Amino acid sequence: FFNTIAKMSESVREVRELTNLYWSTHTRLEKSDVAGSSDSDTRILSTGIDGIDVLDAAVGAVSSLANQGLIDESTETNLIQQAFQRNPELMVLSKHYGSNLSKFLNFLPNIDSQISTMGITDNGEPDAIVVGTGLAGLAATLNILDRGGSVVLVEKEHRLGGNSNKASSGINACCPQNSTYGDYLESFKEDTIRSAGKSSKPHLIETLVENSEAAVQWLKDRVGVDLSVLAQLGGHSHKRTHRPKQGMVGAEIIYNVQRAVKAYEKSGMVKIIVDTRVTQLKRNDSGAVV
């Protein structure tokens, strides 16, 4: 018994050390990349305003403004047409202000005086407060930011990531490779119910299973996480555990998602508060959180 406890403690310590090593290595590489940028890197970054990334920023910004009711339908149609026609003024604006909707909206009339905007009410309050920076908290934050919302992100530890940082096995999803491995949703659902036993919550399991493929695909497409290795872990009847070729899956995912979230800091759309523990929610007389 004592040998088992000792080995478990040693494993936990090793995971923590590996996580710290992973982050310190990435930090050094990121700094060296910035310091050692070559002329070719500069040329790549200055390829102009006709690239797909700038077009994506333009369409995304216009879509967010329309979804929030900040521009009318005719203005939305007009701006989307200008985006696909690569209007140079709109492309430049999107390149530099696509992630800052407030300034993007304010500068739109400089492109076309006929553009009708509703304006953004700046009362200093965020659209959402997210507590915790594990994968769930970071993913929720990034989705809100991508849709033009503002977020205050609160973390009790000094480093972002929570327990998700320490995940080492992989993330389960079905069924991007069903044609190769014969996996299917009902099998994933049955495996999960069987593993959960008496604590099984069928409606939650169904949500997990049916959205798992989209979740993994989002991690790949939105933040560029490598999840190309597929394995079959205990409790699963098919290969459906996704992991990176190198490094631990938790640290790899958190590193990429938090980097995407921090990209919004300069625009003021997200405020990250660390070393802060949330102990309660304040409510008004009607019970609403204030």
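Residues numbered from 1 in each chain as written. Predicted model: local features only at pLDDT ≥ 70, side-chain atom pairs only at ≥ 80, totals over all residues. Heavy atoms only, no water.

Novice: Just to check I follow, could you spell out the packing of helix α3 (residues 52–67) against helix α5 (residues 88–97) for this structure?
Specialist: The angle between the axes and the distance between the axes are what describe a pair of packed helices. α5 packs onto α3 with a crossing angle of 85° between their chain directions and a minimal axis gap of 8 Å. When the axes of α3 and α5 are compared, the pair comes out roughly perpendicular. Contacts from Val54, Leu55, Ala57 and Ala58 in α3 reach Met91, Ser94 and Lys95 in α5. Partitioning the contact of α3 with α5 into residue classes produces 5 nonpolar, 1 polar and 1 charged. (Axes fitted to C-alpha atoms, helices over the stretch in contact; angles between N-to-C directions. Helix = DSSP H or I, 4+ residues; strand = E, 2+ residues; numbered from the N terminus. Parallel < 35°, antiparallel > 145°, perpendicular 65-115°, else oblique. Contact = heavy atoms within 4.5 Å. Nonpolar A, V, L, I, M, F, W, Y, C, P; charged D, E, K, R; others polar.)

Novice: Quick question: what am I supposed to make of the sheet that holds strand β3 (residues 171–172) here?
Specialist: Adjacent strands of a sheet pair through backbone hydrogen bonds, lying either parallel or antiparallel. What the 3 strands build is an open sheet, ordered β3-β5-β4; its pairing is antiparallel. For this open sheet the edge positions go to β3 and β4 (229–231), each flanked by a neighbour on one side alone. Where β4 lies against strand β5 (residues 241–243), 3 bridges are found, and the strand directions are antiparallel. Bridge pairing links Ala231 to Thr241 in β5. (Pairing = 2+ DSSP bridges.)

Novice: Honestly, the packing of helix α7 (residues 135–146) against helix α11 (residues 249–262) in this entry has me stumped. Any pointers?
Specialist: Relative to each other, α7 and α11 sit at 30°, their axes nearing to 9 Å. The angle between α7 and α11 places the two elements in the roughly parallel class. Viewed along their axes, α7 and α11 form a crossing whose handedness is left-handed. Residue-level contacts link Leu135, Leu138, Ala139, Thr141, Leu142 and Leu145 of α7 to Ile253, Ile254, Val257, Gln258, Ala260 and Val261 of α11. Counted by class, the contact of α7 with α11 contains 10 nonpolar, 2 polar and no charged residues. (Left-handed = near helix turned anticlockwise from the far one by under 90°.)

Novice: Explain the side chain of Gln258 here, please?
Specialist: Note on placement: Gln258 falls in helix α11. Engagement of the side chain of Gln258 in a polar contact is seen with the backbone oxygen of Tyr255, the distance being 3.0 Å. (Polar contact = N/O pair within 3.5 Å; in protein donor to acceptor, adjacent residues only side chain to side chain.)

Novice: Looking at this structure, how should I read a nonpolar patch on the surface?
Specialist: Where nonpolar side chains cluster on the molecular surface, the patch consists of Ile129, Val131, Val278, Leu281 and Val289 and spans about 450 Å² of accessible area. Looking at the secondary structure, you find Val289 in the segment after β6 (270–273). (Patch = residues over 30% accessible without salt bridge, like charges linked within 9 Å, V, L, I, M, F, W, Y side chains within 5 Å. Areas by Shrake-Rupley, 256 points an atom, 1.4 Å probe, with all protein chains shown as cover. Salt bridge = Lys/Arg side-chain N within 4 Å of Asp/Glu carboxyl O.)

Novice: Hey, could you run me through the sheet that holds strand β2 (residues 151–154) in this one?
Specialist: Pairing is parallel in the open sheet, where 3 strands are placed in the order β1-β2-β6. Every interior strand has two partners, whereas the edge strands, β1 (128–131) and β6, have only one. The sheet shows a mean angle of 15° between the axes of neighbouring strands, direction not considered. In the sheet, β2 pairs with β6 via 4 bridges, with the strands oriented parallel.

Novice: It is not clear to me how α11 should be interpreted in this structure. Could you clarify?
Specialist: The α-helix winds at 3.6 residues per turn, so residues separated by three or four positions along the chain end up facing the same way. Across its 14 residues, α11 extends 20 Å between first and last C-alpha, which sits within 8% of the 20 Å expected from 1.5 Å per residue. For α11, the buried fraction is high: 12 of the 14 residues fall into the buried class. (Expected span 1.5 Å × (residues − 1). Buried < 20%, exposed > 50% of the residue type's maximum accessible area, 1.4 Å probe, protein only.)

Novice: Is there a simple way to think about the nonpolar core in this case?
Specialist: Burial of nonpolar side chains together is a common tendency in soluble globular proteins. Leu219, Leu227 and Val261 are the most contacted members of the largest nonpolar core, which has 24 residues in total. Elements with a minimum of two residues in this core: α7, β2, α10 (202–223), α11 and β6. The element contributing the most residues to this core is α11, with 6 residues. Once you skip the residues sitting within four places of it in the chain, Leu227 turns out to touch Ile171, Val216, Leu219, Lys220, His242, Arg243, Pro244, Val249 and Ile253. Leu70, Ile71, Met91 and Leu93 belong to the second-largest nonpolar core, a separate cluster that totals 18 residues. (Core = buried A, V, L, I, M, F, W, Y, C linked by side-chain atoms within 4.5 Å.)

Novice: Help me out: how do you make sense of helix α9 (residues 185–196) in this one?
Specialist: Across its 12 residues, α9 extends 17 Å between first and last C-alpha, which sits within 8% of the 16 Å expected from 1.5 Å per residue. Within α9, burial applies to Ser187, Phe188, Asp191 and Thr192. Along the long axis of α9, the arc covered by the buried residues comes to 130°, so they all point the same way. Residues of α9 that are buried make contact with β3 and α10. Just past α9, the residue Gly197 takes up positive phi, approximately 65°. (Arc of directions from axis to C-beta.)

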